[in-house]
Amino acid sequence: MWLLPKFNVVERDFKDNVVVEVAFDGKADFIVLGDDHLLSLKSFKGISVVSVKQMLAYLEENSVV
């Protein structure tokens with residue numbers, strides 16, 4: 001049984017909305033993935049949606065790696 005997610009921001013793939021909900025509930029700063037449906041959001045309620053390549057560049061630029 002599927003519970004309806006809080007948000008319906010990814011219309012092309014309904015199941016992806018769960019990722020957004022978990023990131024929001026967990027107070028995440030980033031969602032890092034390769035899913036085009038989610039990457040097209042770019043951000044959601046202050047959460048940056050980025051590719052692995054973008055995240056690695058961010059970490060390098062901010063001396064985290």
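Keep in mind it's a predicted model, so treat the numbers as computed, not measured.

Before going further, it helps to spend a moment on the overall build of the protein. Each helix and strand counted, the protein has 3 helices and 3 strands in total. Along the protein, helices (α) and strands (β) appear in the sequence α-β-α-β-β-α when read from the amino end. With the C-alpha coordinates of the protein rotated into their principal frame, the extents come out at 45 × 20 × 20 Å. Counting over 65 residues, the protein shows a buried share of 28%. Considering only contacts within the protein whose residues lie at least 6 apart along the sequence, 20% involve residues at least 24 apart. If you sum the accessible surface of the protein, you get close to 4,900 Å²; carbon and sulfur atoms cover 55% of it. For the protein, the separation between the mean place of its 7 positive charges and that of its 10 negative charges on side chains is 4 Å.

Conventions adopted
- Starting afresh in each chain, residues are numbered from 1 along the sequence in its written order.
- For this predicted model, a pLDDT threshold of at least 70 governs which residues receive local features, and a threshold of 80 or more governs which side-chain atom pairs are given and counted, while totals over whole chains, interfaces and linings are taken from all residues.
- Hydrogens and water are ignored here; the side-chain numbers use all heavy atoms of the structure.
- Secondary structure follows DSSP: runs of H or I at least 4 residues long count as helices, runs of E at least 2 residues long count as strands, and numbering of each begins at the N terminus.
- Only protein chains enter the area calculation, which uses a 1.4 Å probe; residues under 20% of their type maximum are buried, those over 50% are exposed, and those in between are partly exposed.
- Note on definitions: a residue-residue contact is assigned when non-hydrogen atoms from the two residues lie within 4.5 Å.
- Here the Shrake-Rupley method, with its probe set to 1.4 Å, supplies the accessible areas, and only the displayed protein chains count as covering residues.
- Asp and Glu count as negative and Lys and Arg as positive, but His and the ends of the chain are not part of the count.
- One atom stands in for each charge, and that atom is NZ of Lys, CZ of Arg, CG of Asp or CD of Glu.

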